[in-house]
Amino acid sequence: MSQGLPAAGSVLQRSVAAPGNQPQPQPQVEGGRLREGRGVRGTGAPRGGEESPEDDDRKVRRREKNRVAAQRSRKKQTQKADKLHEEYECLEQENTMLRREIGKLTEELKHLTEALKEHEKMCPLLLCPLNFVPVPPRPDPVAGCLPR
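Keep in mind it's a predicted model, so treat the numbers as computed, not measured.

### Section: the pattern of salt bridges
Here comes step 1: Using the criterion set out here, one finds four salt bridges in the structure.
Here comes step 2: A salt bridge links Glu64 to Arg67; the shortest N-O distance between them is 2.5 Å. Residue Glu64 and its partner Arg67 are both found in helix H2 (residues 53-122); the two are separated by three residues, about one turn of the helix.
Here comes step 3: Under the relative-accessibility criterion, Arg67 is labelled partly exposed at 39%.
Here comes step 4: Across the pair Glu107 and Lys110 runs a salt bridge whose closest N-O atoms are separated by 3.9 Å. Separated by three residues within a single helix, Glu107 and Lys110 lie in helix H2, roughly one turn from each other.
Here comes step 5: A relative accessible area of 40% places Lys110 in the partly exposed class.

Here's what the structure looks like:
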């Protein structure tokens, strides 16, 4: 069997061999362009037999162009993933740093609250009977500031 020709008994030969059933070349769209005069879609063989050298060159160029485009696309996708990973790492570090800062500020708030309570016990201004301004009890400042 020579290249580009259908095998004996194939669908193409049977449809040609049936009386009054001559196949008409169907226009096919490939890569946005209309192609006519080709055989069965996917075979790439012209109706008359062997492919011409121009068709071979065109196929090789198209495959090479597609291969380069696929490489470019994969590289771009990898770069995007790398950039997202770097951003994730930076955000994780920032998050850790902010959590440490929250912890330090919470401890400082507790310390200052305790210092204020101790001061209120012995403050002469608060203990003076002439002080007519009552000091209302304060809610716990630590509970209101902590994240939930």
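### With respect to a negative patch on the surface
Here comes step 1: Negative charge collects at one region of the surface, where Asp82, Glu86, Glu89 and Glu92 lie side by side.
Here comes step 2: For Glu86, a relative accessible area of 54% translates into the label exposed.

Thresholds, definitions, all that
Residues numbered from 1 in each chain as written. Predicted model: local features only at pLDDT ≥ 70, side-chain atom pairs only at ≥ 80, totals over all residues. Heavy atoms only, no water. Salt bridge = Lys/Arg side-chain N within 4 Å of Asp/Glu carboxyl O. Helix = DSSP H or I, 4+ residues; strand = E, 2+ residues; numbered from the N terminus. Buried < 20%, exposed > 50% of the residue type's maximum accessible area, 1.4 Å probe, protein only. Patch = residues over 30% accessible without salt bridge, like charges linked within 9 Å, V, L, I, M, F, W, Y side chains within 5 Å. Areas by Shrake-Rupley, 256 points an atom, 1.4 Å probe, with all protein chains shown as cover. Lys, Arg positive; Asp, Glu negative; His and termini not counted. Charge placed at Lys NZ, Arg CZ, Asp CG, Glu CD.

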